[in-house]
Amino acid sequence: MKKSLEVDEKIFQDAVKFYGTILNLPPLASKIYSYLIFDFEKVGITFDEFVEVFSASKSSVSTSINLLLNSELIVDVNKMDERKRYFFANDDYKKIRFERIVQKMQDELKLMDDLKNFRKTEHKDEDERIEVYKALLNKSISNIQESLNKL
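Parameters and conventions
In every chain, residue numbers begin from 1 and rise along the written sequence. This being a predicted model, a pLDDT of at least 70 is required before a residue's local features are given, and a value of 80 or more before pairs of side-chain atoms are given or counted; all residues contribute to the totals for chains, interfaces and linings. Excluding hydrogens and water, the side-chain values take into account all heavy atoms of the structure. For the exposure calls, accessible area comes from a 1.4 Å probe over protein chains only, and a residue counts as buried if that area is under 20% of its type's maximum, exposed if over 50%, partly exposed in between. Secondary structure elements are defined from DSSP: runs of H or I of at least 4 residues count as helices, runs of E of at least 2 residues count as strands, and each element is numbered from the N terminus. Two strands qualify as a pair provided that DSSP identifies no fewer than 2 bridges between them. Here an axis means a line fitted to C-alpha atoms, over the contact stretch when the element is a helix, while the angle between two N-to-C directions is reported on a 0 to 180 degree scale. Between 65 and 115 degrees an angle is taken as roughly perpendicular, under 35 as roughly parallel, over 145 as roughly antiparallel, and anywhere else as oblique. If you view the pair so one helix is near and one far, a crossing is left-handed when the near helix is turned anticlockwise from the far one by less than a right angle, and right-handed when it is turned clockwise. Contacts: residue pairs with any heavy atoms within 4.5 Å of one another. Paired rings are identified among Phe, Tyr and Trp, the last through its six-membered ring, by centres lying within 6.5 Å, and are further divided according to the angle between planes into stacked (under 30 degrees), edge-to-face (over 60) and tilted (the rest). In this analysis the charged atom, NZ for Lys or CZ for Arg, is taken to sit over a ring once it is within 6 Å of the ring centre and within 35 degrees of the ring normal. In the sections that follow, a salt bridge refers to a side-chain nitrogen of Lys or Arg positioned within 4 Å of a carboxyl oxygen of Asp or Glu.

Q: I'm lost on the pairing of strand E3 (residues 85–89) in this one. Help?
A: Sheet faces and side chains relate simply in a regular strand, where the side chains alternate between the two faces. Burial analysis of E3 places 4 of its 5 residues in the buried class, which makes it a mostly covered element. With 2 bridges joining them, strand E1 (residues 45–46) and E3 adopt antiparallel strand pairing. Across the sheet, residue Ile45 finds its bridge partner in E3, namely Phe87. The sheet contact formed by strand E2 (residues 74–78) and E3 spans 5 bridges and is antiparallel. Residue pairing in the sheet places Asn78 in a bridge with Arg85 of E3. Counted between consecutive antiparallel strands, the loop separating E2 from E3 contains 6 residues.

Structure follows, in structure tokens:
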């Protein structure tokens, strides 16, 4: 792989595996995202550079870039004096990711309340476990939101 960025191969491979799994990305999209993480100077990477670096078809690179853009993992910028688009890892993605996690936890809390209100019978042991779980969710939401406010 020809590189325009300085990349540590071991860290790159670890990142490809990690982001592919945690973000449920196809292999090329995970490689593109992981590669962009090495753009510490924020110079941006062009479409043609991705095609060259990964020896991938333009169609495959285009599909992967569109997936990453739609997922808000990356952003693109057109520089004033050039027609080329430059791609960057989205610095706000960590915040976006945890906001989505909080929303899922809030949705689960609401669903649990709705189910409890719908249920006709009382189950003391189960209700106690559910309350402990709800307390864990609420504490997690609070902790995440507190940290998000610092980002």
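Once you've had a look at it, read on.
Q: So what exactly am I meant to see when it comes to the packing of helix H3 (residues 47–54) against helix H4 (residues 58–70) here?
A: What describes two packed helices is the angle between their axes and the distance between those same axes. The N-to-C vectors of H3 and H4 enclose an angle of 120 degrees; their axes lie 10 Å apart at closest approach. The pairing of H3 with H4 is recorded here as oblique in orientation. At the point where H3 passes H4, the crossing takes the right-handed sense. When H3 is examined against H4, the residues Phe47, Phe50 and Val51 are found in contact with a partner set consisting of Lys58, Val61, Ser62 and Ile65.

Q: Help me out: how do you make sense of the packing of aromatic side chains in this one?
A: Between two aromatic rings, the relevant description is the distance of the centres plus the angle of the planes. Considering all chains together, one arrives at 8 aromatic pairs under this definition. Here the aromatic rings of Phe12 and Phe54 are separated by 6.3 Å at their centres, their planes lie at 20 degrees, and the arrangement is stacked. Taken together, the positions of Phe12 in helix H1 (residues 9–22) and Phe54 in helix H3 put the pair 42 residues apart, joining distant regions of the chain. Ring centres 6.4 Å apart and planes at 15 degrees place the aromatic pair Phe50 and Phe54 in the stacked group. Of this pair, Phe50 and Phe54 both sit in helix H3, separated by 4 residues, roughly a single helical turn. By the burial criterion, Phe50 is buried, and Phe54 matches it. If you follow Lys79 out to its NZ or CZ, it ends over the ring of Tyr86, 4.0 Å from the centre.

Q: What am I meant to see in the environment of Thr121 here?
A: Note that Thr121 resides in the loop between helix H5 (93–118) and helix H6 (124–150). C-alpha of Thr121 to C-alpha of Lys104: the two residues are 17 residues apart in sequence and 27 Å apart in space.

Q: Any chance you could explain H3 here in plain terms?
A: The α-helix winds at 3.6 residues per turn, so residues separated by three or four positions along the chain end up facing the same way. Listed in full, the buried residues belonging to H3 are Phe50, Val51, Val53 and Phe54. On its buried side, H3 packs onto H1, helix H2 (27–37), E1, H4 and E3.

Q: What should I look at first to understand the pattern of salt bridges in this one?
A: Charged atoms that come close allow side chains of opposite charge to pair. One pass over the full model with this rule turns up 11 salt bridges. With its nearest N and O atoms 3.8 Å apart, the salt bridge here joins Glu131 to Lys116. Taken together, the residues Glu131 in helix H6 and Lys116 in helix H5 connect sequence positions 15 residues apart. Exposure remark for Glu131: the relative accessible area of 36% places this residue in the partly exposed category. A residue is classified by how much of its surface remains accessible, and Lys116, at 38% relative accessible area, is partly exposed. A salt bridge links Lys134 to Glu131; the nearest nitrogen and oxygen atoms lie 3.5 Å apart.

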